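Secondary and tertiary structure notes
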Amino acid sequence: MRGSKILRKRFVWIVFCVVLYTLFGSGVGVAAEKPLKAGFVYIGPVGDYGWSHAHDVGRKYAEKQLPWLKTVFIESVAEADSDRIIDRFIQEEKCDVVFTTSFGYMDGTLKAGKKYPDKHFMHCSGFKQTKNVGTYFADLYQTYYLNGLMAGGLTKSNKIGYVGAFPIPEVVRHIDAFALGIKAVNPKADVHVRWTYAWYGPDKAREAAEALIADGCDALAFTEDTPAVIEVGQEHTEKGKQIYTFSHYSPMQPYGKDSVVSGQLVDWGVMYEKILKDLHEGTWTSDDLWWLVAEKAAILGGSFEDPINPKFVDALKAISVPTKDFGSLSVYDLVVKRYEQMKKGTDVFDPYMGPISDNTGKLQIKAGEKASKADLLSIMYYVDNVVGSIPK
């Protein structure tokens, strides 16, 4: 009897020690349950199937992966209204961190950082950091270059169109990378740009796409947040005039099964997961995060299943082009090889390697030099196979 009492006491003591270790010794028990609340401010509707939609997919992914995370969001927030929305997230929603997802939110985010020094803020696409305000971006210029390789190979008219939202460095960087890819396989082709002055403007994007096709363009890329350009390309293709299109941000291939060759996809989820983990674990810093193909934030394809629409694979394999490093090979194989190089980092291959001149003849990047991150974040010139000038 006495022995059994001793055994019971020992058992209780062991259980007590295990509980203490779980809570304190392992460093994960209590800390892991500490909640963190994040607010997301979107420039467009989450149903835009472009920028804001992709950010919201990333938010949901992070919330699913991180059991201690709670999130809230507000869509279609005008840039001039960002101050009020950030205040609401902090004061009413009691958010620990606020993500502001448009370049035009930069000043409002910095202002909030000063106003709420005990909170954290992350501004997407910005370039100003403070102690509690960081910046982040998943850039797609590399995948635009790969799309350009395909557009340059497939075009029959040697006129390729681009629908841009606003003439800002991000969009110009995309246009130029696309144009550099085109030039690498087809020096005879040039790029024609139409601006919509709207991130979410399906009617304006449709009008711009139709105008470019009327001008003779048979391939179209874009930086705006709807599948309108894809839909126009599919409609013309179904009527017998093949228009090659390259989707943007989200898997838009279903909107143009006979038109979409490839595109750019973004995975904000992996970036949001890292940022929020760092905040939760106390390792966060306000250093700028700029993720590309190598970090798996930028992905090639009009769908997550196929980097290149199978419908166009044979055509791309039938087009042979010369290269300095691989000799002569098909456009398809060149895309695959360049994509694999990008996965290893910009030191292996980057589209912005000189010599690169603008379309006025001025040398912008010298031979053997690579554009710096600062150069790319401020780029406001067209490379030499883009027609026209950037609106002021």
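The coordinates are above.
Attention here is on the structure that accompanies the text. Throughout this description, residue numbers start from 1 for each chain and increase along the sequence as written. Given that this is a predicted model, residues contribute local features only at a pLDDT of at least 70 and side-chain atom pairs are listed and counted only at 80 or more, while totals for whole chains, interfaces and linings are drawn from all residues. Only hydrogens and water are set aside; all other atoms, that is, all heavy atoms of the structure, feed into the side-chain values.

1. Some thoughts on the packing of helix 6 (residues 141-154) against helix 7 (residues 169-185)
Each axis is a line fitted through C-alpha atoms, taken for helices only over the stretch in contact, and angles between the N-to-C directions span 0 to 180 degrees. Going along the chain from the N terminus, every DSSP run of H or I of four or more residues is numbered as a helix, and every run of E of two or more is numbered as a strand. Packing of helix 6 against helix 7 leaves a shortest axis separation of 6 Å and a crossing angle of 40°. If you check the angle between helix 6 and helix 7, you find them oblique. Read as a crossing pair, helix 6 and helix 7 show a hand that is right-handed. Facing Y141, Y144, Y145, N147, G148, L149, A151, G152 and G153 of helix 6, the residues of helix 7 in contact are R173, H174, A177, F178, L180, G181, I182, A184 and V185. Under this grouping Gly is polar, as are all residues other than the nonpolar Ala, Val, Leu, Ile, Met, Phe, Trp, Tyr, Cys and Pro and the charged Asp, Glu, Lys and Arg. Here the contact of helix 6 with helix 7 is built from residues that sort into 11 nonpolar, six polar and one charged. Roughly parallel covers angles under 35 degrees, roughly antiparallel covers those over 145, roughly perpendicular covers 65 to 115, and oblique covers all other angles. Should the near helix be turned anticlockwise from the far one by less than a right angle, the crossing is termed left-handed; should it be turned clockwise, right-handed. Any two residues whose heavy atoms approach within 4.5 Å are treated as being in contact.

2. Looking at the packing of aromatic side chains
Aromatic pairs are defined between Phe, Tyr and Trp rings, using the six-membered ring for Trp, whenever the two ring centres lie within 6.5 Å; interplanar angles under 30 degrees are classed as stacked, those over 60 as edge-to-face, and all others as tilted. Following the criterion strictly, the structure yields 24 aromatic pairs and no others. With centroids separated by 6.2 Å and ring planes inclined at 35°, the aromatic side chains of F103 and F127 adopt a geometry described as tilted. You can see F103 sitting in the loop between strand 3 (97-100) and helix 5 (106-115) and its partner F127 sitting in the loop between strand 4 (120-124) and strand 5 (133-138), a full 24 residues away along the chain. Taken together through their ring pairs, the aromatic side chains of F40, Y42, W51, F73, F99, Y136, F137, Y249, W268 and Y272 make up a single cluster. For a Lys NZ or an Arg CZ to count as sitting over a ring, it must be within 6 Å of the ring centre and within 35 degrees of the ring normal. Taking NZ or CZ as reference, K317 lies 4.9 Å from the ring centre of Y332, over its face.

3. Description of unusual backbone geometry
Cis rather than trans, the peptide bond between G354 and P355 has omega equal to 10°. Locating P355 in the fold gives a position in the loop between helix 12 (331-343) and strand 15 (356-357). The phi dihedral of Y49 is positive, around 60°, even though this residue is not glycine. In this fold, Y49 is placed in the loop between strand 1 (36-41) and helix 3 (51-65). A positive phi angle, near 75°, is found at Y249, a position not held by glycine. Checked against the element boundaries, Y249 lands in strand 9 (residues 244-249).

4. Side note on the environment of A179
Positionally, A179 belongs in helix 7. Classification of A179 as buried rests on a relative accessible area of 0%. Distance in space between the C-alpha atoms of A179 and V383 is 7.3 Å, their sequence separation being 204 residues. The classification of residues rests on relative accessible area computed with a 1.4 Å probe and restricted to protein chains. Under 20% of the type maximum is buried, over 50% is exposed, and intermediate values are partly exposed.

5. Quick notes on the pairing of strand 4
Taking burial as the measure, the five residues of strand 4 include four buried ones, the bulk of the element. Being paired, for any two strands, means DSSP has found at least two bridges between them. In terms of strand pairing, strand 3 meets strand 4 through four bridges, oriented parallel. Residue pairing for strand 4: T100 is matched across the bridge by H123. In the classification by handedness, the crossover that spans strand 3, the intervening helix 5 and the parallel strand 4 is right-handed. Here strand 4 runs beside strand 5; their pairing, made up of four bridges, is parallel. Considered in strand 5, the bridge of M122 is made with G134. Every crossover in which the path from the first strand over the helix to the second runs clockwise, viewed with the strands pointing away from the viewer, is termed right-handed.

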